[in-house]
Amino acid sequence: MDALLRLEDVRKSFGPIMAVDGISLSVARGEVLGFLGPNGAGKSTTMKVAVGFLRPDGGRVEICGIDMWARPVEAKRHLGYLPEGAPLYDEMTVRGFLKFCGAARGMSGSGLKRAMEEAAERTRLTSVWGQGIGTLSKGFRRRVGLAQAIMHRPDVLILDEPTDGLDPNQKQVVRDLIREMAKDSAIIVSTHILEEVPAVCDRVVIIARGRVVAAGTAEDIAARVPDGAEPSLEMAFRHLTTRESAGRAAA
Ligand code: ADP
Ligand code: MG
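The following refers to the structure shown. (Residues numbered from 1 in each chain as written. Chains lettered and ligands numbered in written order. Predicted model: local features only at pLDDT ≥ 70, side-chain atom pairs only at ≥ 80, totals over all residues. Heavy atoms only, no water.)

Bringing the site of ligand 1 into the picture now. Lining the immediate surroundings of ligand 1 are F14, I17, A19, P38, N39, G40, A41, G42, K43, S44 and T45. Between ligand 1 and the protein, one listed contact pairs an oxygen atom with a backbone N or O atom of G42 at 3.0 Å. Within the contact set of ligand 1, an oxygen atom lies 2.8 Å away from a backbone nitrogen or oxygen of K43. Contact with the protein chains covers 62% of the free accessible surface of ligand 1, which is 560 Å². If you list the elements that add at least two residues to the shell around ligand 1, you get β2 (17-28) and α1 (43-50). The biggest single contributor to the shell around ligand 1 is α1, with three residues. Residues belonging to the shell around ligand 1 are distributed by class as follows: five nonpolar, five polar and one charged. (Near = heavy atom within 4 Å. Polar contact = N/O pair within 3.5 Å; in protein donor to acceptor, adjacent residues only side chain to side chain. Areas by Shrake-Rupley, 256 points an atom, 1.4 Å probe, with all protein chains shown as cover. Helix = DSSP H or I, 4+ residues; strand = E, 2+ residues; numbered from the N terminus. Nonpolar A, V, L, I, M, F, W, Y, C, P; charged D, E, K, R; others polar.)

Below, the structure is given as structure tokens:
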């Protein structure tokens, strides 16, 4: 199983705050990895390092076997990224924004047009094609963010809380899209919404305070509850993440 995304012992601190404290993980083509952790655990920081936006203090990032800091331009060519909160340009139309993003990735002419149309179809944006981004609802805005992340058909997709703040129907649309995109890419998706994990993710990594505290299938992890308790991902999550905090606080 060839990993398209590989993080090796990644570390990143902000002054005295150790945001990412030695995280390693890998994701293969066809796989969706759920990246879970409480608020402030280091999910977004890990993802920013994985996409080459932040330079790690230590460790390695490899995209399709390409070292992010040795060959950043090449590595980033294989990447699609939906940042936390999915920032967009409100004054642009959906069409204008996708054109801008495609051009920034070096696409032009009929190739760019095809990529734009295909991304709009996959994210169901055709009905708002000429509309200003500032006028769109939250669900549509998130899909615009997803469209720019997938339009160059990247091998590796990094999605930071893609369903955060969406209503149940909008969440479902985004989940379906992630499953569909997983057919030909390696996807890492952060979330703190545990109910959606079994439906979307093949595998899970849980972090707390910048460290991996559990890795495996949702089913394996759900079994890691205190003695005698019913298997439950929610309870295991709480058990694993608070135990880690308590351990570190005492150390
Ligand atoms: P998560 O995405 O899991 O909620 P983050 O990666 O955003 O966590 O944050 C991890 C820790 O790093 C938090 O304590 C956060 O306050 C801190 N942090 C994140 N970004 C910065 C920054 N640019 N400057 C200082 N501290 C930061
Ligand atoms: Mg975050």
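The next point concerns the coordination of the magnesium ion (ligand 2). The coordination sphere of the magnesium ion (ligand 2), as far as protein atoms go, consists of S44 (OG) and E84 (OE), spread over 2.1 to 2.4 Å. Placement of the pair is S44 in helix α1 and E84 in the loop between β6 (79-82) and α3 (94-104), with a sequence separation of 40 residues. (Donors = N, O, S within 2.8 Å, 3.2 Å for Na, K, Ca; no water.)

Let us look at the packing of aromatic side chains. Evaluated as defined, the whole model comprises two aromatic pairs. Seen in terms of ring centroids, Y89 and F97 are 6.1 Å apart; in terms of plane orientation they differ by 55°. Their pairing is tilted. Judged by relative accessible area, Y89 falls into the partly exposed class, the value being 41%. The class for F97 is buried, based on a relative accessible area of 4%. Centroid distance Y89 to F100: 5.7 Å. Interplanar angle 85°. Geometry classified as edge-to-face. (Phe/Tyr/Trp six-rings, centres within 6.5 Å; stacked < 30°, edge-to-face > 60°. Buried < 20%, exposed > 50% of the residue type's maximum accessible area, 1.4 Å probe, protein only.)

Looking along a regular strand, one sees the side chains alternate between the two faces of the sheet. By the criterion of burial, strand β8 (residues 186-191) is predominantly enclosed, with six of the six residues buried. Neither face of β8 is left uncovered, since the one carrying A186, I188 and S190 and the one carrying I187, V189 and T191 both have all their residues buried. As paired strands, strand β3 (residues 32-36) and β8 are joined by five bridges and run parallel to one another. From the neighbouring strand, L36 faces β8, where its bridge partner is T191. As for the winding sense of the linkage, the β-α-β connection from strand β7 (residues 156-160) through helix α6 (residues 168-181) to β8 is right-handed. (Pairing = 2+ DSSP bridges. Right-handed = clockwise from strand over helix to strand, strands pointing away.)

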